[in-house]
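Descriptive structure summary
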Amino acid sequence: MPPRNQPLPEGMLAAGRITGCYGVKGWVKVHPFTEEAVDLLHYPAWWLQTRDGIRPVVLDQGRVSGKGLVVHLAGVDNRDRAEELRGQTLLVQRDELPELGDDDYYWHQLENLEVWCRDADNGSNEEVLLGRIHHLIETGANDVLVVQPCEGSIDERERLIPYLPESVVRQVELEAGRMSVDWFIDE
């Protein structure tokens, strides 16, 4: 999910971004942040984050188109109105997210976790703090953790660490606010 310019209201998550117009009758193209594009169509309520704040929007119709969606929002009935929505973010309520299985996490759950790594240089199992997860990047092959330095981290380097459970990510402890990884500190 792209970094946000504005803080989100409590309990809300960015679920997609309007990327442009589709036709002349007010339809818009949407880049969903969901794993499958069609999943975004199943949320019962959407909100639109604009420069002026947040407002509810009603989805009249929608369908998958390529890797994204095309949707029609109530009250947006011409291309000019649709063009005004370009670049705006669609939000959903966090408590409407489907339940996940064990060892599955939503990106927002991983953001801000401390990332700890065994210090292989000194031959011990002692862990060192690499930083905090700022955000994640979707690359196609696997997601990537963007780990930025924080108070107490071993250095001031930003690290890109592949999110590969079992091979790189050893443990996620949401309640403790930490993740343990196997990663080369010098890379």
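1. Some words on the nonpolar core
If you look at the biggest cluster of nonpolar residues, it comprises 22 residues, and the most contacted ones within it are I18, V30, L40, W46, V71 and L73. Elements with a contribution of two residues or more to this core: β1 (12-22), β2 (27-32), β3 (46-50), β6 (68-73) and β7 (89-93). Leave out the neighbours within four places in its chain, and V30 touches R17, I18, T19, L40, G68, L69, V71 and L90.

2. A closer look at the sheet that holds β6
One open sheet accounts for seven strands, arranged β4-β3-β7-β1-β2-β6-β5; its pairing is antiparallel. The open sheet has two free edges, formed respectively by β4 (53-57) and β5 (59-65), since each of these has just one partner strand. Neighbouring strand axes in the sheet, compared pairwise and without regard to direction, differ in orientation by 35° on average. In terms of strand pairing, β3 meets β4 through five bridges, oriented antiparallel. Bridge pairing links W47 to P56 in β4.

3. Some details on the sheet that holds strand β8 (residues 114-118)
Spatial ordering of the open sheet is given by β11-β10-β9-β8-β13-β12, a layout of six strands whose pairing is mixed. Of all strands in the sheet, those bounded by a partner on one side alone are β11 (159-162) and β12 (169-173). Across the sheet, the mean angle separating the axes of adjacent strands is 35° when strand polarity is ignored. Relative to strand β13 (residues 178-181), β8 is paired through four bridges, and the arrangement is parallel.

Parameters and conventions
- Residues numbered from 1 in each chain as written.
- Predicted model: local features only at pLDDT ≥ 70, side-chain atom pairs only at ≥ 80, totals over all residues.
- Heavy atoms only, no water.
- Core = buried A, V, L, I, M, F, W, Y, C linked by side-chain atoms within 4.5 Å.
- Buried < 20%, exposed > 50% of the residue type's maximum accessible area, 1.4 Å probe, protein only.
- Helix = DSSP H or I, 4+ residues; strand = E, 2+ residues; numbered from the N terminus.
- Contact = heavy atoms within 4.5 Å.
- Pairing = 2+ DSSP bridges.
- Axes fitted to C-alpha atoms, helices over the stretch in contact; angles between N-to-C directions.

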